[in-house]
Amino acid sequence: MGEGASPRAAGSPLARRLNYLFTNMHPPGSPYTNAYVAEEISHGSEYGGVTLTEQYLSMLRNAKRANPSPEVLRALAKFFAVPVGYLLGDLSESQAERVEEEVQFLVAMRDQRVRAIALRSVGLPPEVQDSLTDIISQFRRQMNLPEGPQESGGEASRGGR
């Protein structure tokens with residue numbers, strides 16, 4: 001177990017996904033700690049009586065443990081508000097990417113300026129919203145920033161409701 005843990009850490013889908021959630025899914029300015037998440041899950045009735053320790057959660061995140069019980073996975077998925085299939089690795093690559101795009105959306109919406117831009121575009125005709133998207137893309141290119149997540153036309157507006 002000890003010798004194989006480090007090389008597998010980089011390749012462990014569960015560890016990567018848990019760390020992704022810890023990095024991104026938290027209140028503004030205060031990332032969750034293993035202790036906080038373990039305490040919330042262990043003492044929250046909505047998590048089905050699952051007991052989770054800080055140490056065990058750390059081992060999951062470091063790929064030193066890779067097969068948590070389905071109850072633990074369900075509790076972690078519920079805590080981070082993602083489908084349990086995301087942690088189980090049961091989602092297709094495109095479905096997992098969609099979950100991560102939704103997480104990135106929530107992260108972006110923490111920024112008050114981003115929220116203000118999004119809210120100001122509500123109610124504008126689609127062609128004006130498309131023009132705004134083009135303008136933002138031009139600024140991103142000028143600043144050598146990646147394009148950002150691509151959304152499929154009407155799906156984004158329907159998904160937000």
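Before any of the text, the structure's been laid out above.
Keep in mind that this is a model prediction, so the values were computed, not measured. Going along each chain's sequence as written, the residues are numbered from 1 onward. Two thresholds apply to this predicted model, a pLDDT of at least 70 for residue-level local features and 80 or more for giving and counting side-chain atom pairs, whereas whole-chain, interface and lining totals are computed over all residues. The side-chain numbers reported here are obtained from all heavy atoms of the structure, hydrogens and water having been left aside.

Asker: Explain unusual backbone geometry to me, and be specific about the residues and the numbers.
Answerer: Even without being glycine, A81 reaches a positive phi, approximately 60°. For the exposure calls, accessible area comes from a 1.4 Å probe over protein chains only, and a residue counts as buried if that area is under 20% of its type's maximum, exposed if over 50%, partly exposed in between. Overall, A81 belongs to the exposed group, its relative accessible area being 64%. Its identity as a non-glycine residue notwithstanding, N144 has a phi of 55°, on the positive side. In DSSP terms, a helix is any run of H or I states spanning at least four residues, a strand is any run of E spanning at least two, and both are numbered starting from the N terminus. Following the sequence through the fold, N144 ends up in the loop between α9 (126-142) and α10 (153-159).

Asker: Kindly report on helix α5 (residues 70-80), identifying the contributing residues and their values.
Answerer: Turning to α5, its buried residues number three or more, namely V72, L73, A75, L76, A77, F79 and F80. Contact partners of the buried residues in α5: α2 (13-24), α3 (34-43), α4 (54-61) and α6 (84-88). Directly after α5, the chain includes A81, whose backbone phi takes a positive value near 60°. A contact between two residues is defined here by any heavy atoms of the two lying within 4.5 Å.

Asker: Please set out the pattern of salt bridges residue by residue, giving values where relevant.
Answerer: Any carboxyl oxygen of Asp or Glu that lies within 4 Å of a side-chain nitrogen of Lys or Arg is treated as forming a salt bridge with it. Applying the stated criterion across every chain yields a total of three salt bridges. The residue E71 makes a salt bridge to R74 at a minimum N-O spacing of 3.6 Å. Linking E71 with R74, this pair stays in helix α5, spanning three residues, or about one helical turn. You can call R74 partly exposed: its relative accessible area is 46%. Because the salt bridges share partners, they merge into one network encompassing R98, E101 and E102.

Asker: Before we move on, can you summarise helix α7 (residues 93-109) with the specific residues and values?
Answerer: It helps to recall that an α-helix has 3.6 residues per turn; residues three or four apart then point in one direction. Helices are assigned an expected span. That span is 1.5 Å times one less than the residue count. Spanning 17 residues, α7 covers 24 Å between terminal C-alpha atoms, matching the ideal 24 Å at 1.5 Å per step. Within the sequence span of α7, burial applies to A96, V99 and V103. With its buried residues spanning 60° around the axis, α7 presents them on a single face. Away from its buried face by more than 90 degrees, α7 exposes E93 and S94. Elements that come into contact with the buried residues of α7 comprise α2 and α6. Arc definition: it is the arc formed by the directions from the helix axis to the C-beta atoms.

Asker: Tell me about the nonpolar core, and please be specific about residues and values.
Answerer: Residues L21, I41, L76, F80 and L87 are the most contacted members of the largest nonpolar core, which totals 27 residues. The element that contributes the greatest number of residues to this core is α5, accounting for seven residues. When residues no more than four places from it in sequence are discounted, the contact partners of L76 are L18, V37, I41, L52, L57, L60 and L87. Throughout, nonpolar core names a set of buried Ala, Val, Leu, Ile, Met, Phe, Trp, Tyr and Cys residues whose side chains join them through atoms within 4.5 Å.

Asker: Outline the packing of α3 against α5, supporting the account with residue identities and numerical values.
Answerer: One way to put it is that α3 packs onto α5 with a least axis distance of 11 Å and a crossing angle of 110°. Considered as vectors, α3 and α5 are oriented roughly perpendicular to each other. On the side of α3, the interface is formed by Y36, V37, E40 and I41, while α5 contributes A75, L76, F79 and F80. Any residue outside Ala, Val, Leu, Ile, Met, Phe, Trp, Tyr, Cys, Pro, Asp, Glu, Lys and Arg is labelled polar, Gly included; the first ten of those are nonpolar and the last four are charged. Grouping the constituent residues of the contact of α3 with α5 by class yields seven nonpolar, no polar and one charged. A fitted line through C-alpha atoms serves as each axis, taken over the contacting stretch for helices, and the angle formed by two N-to-C directions is quoted from 0 to 180°. Under this scheme an angle from 65 to 115 degrees is roughly perpendicular, one under 35 degrees roughly parallel, and one over 145 degrees roughly antiparallel; angles in between are oblique.

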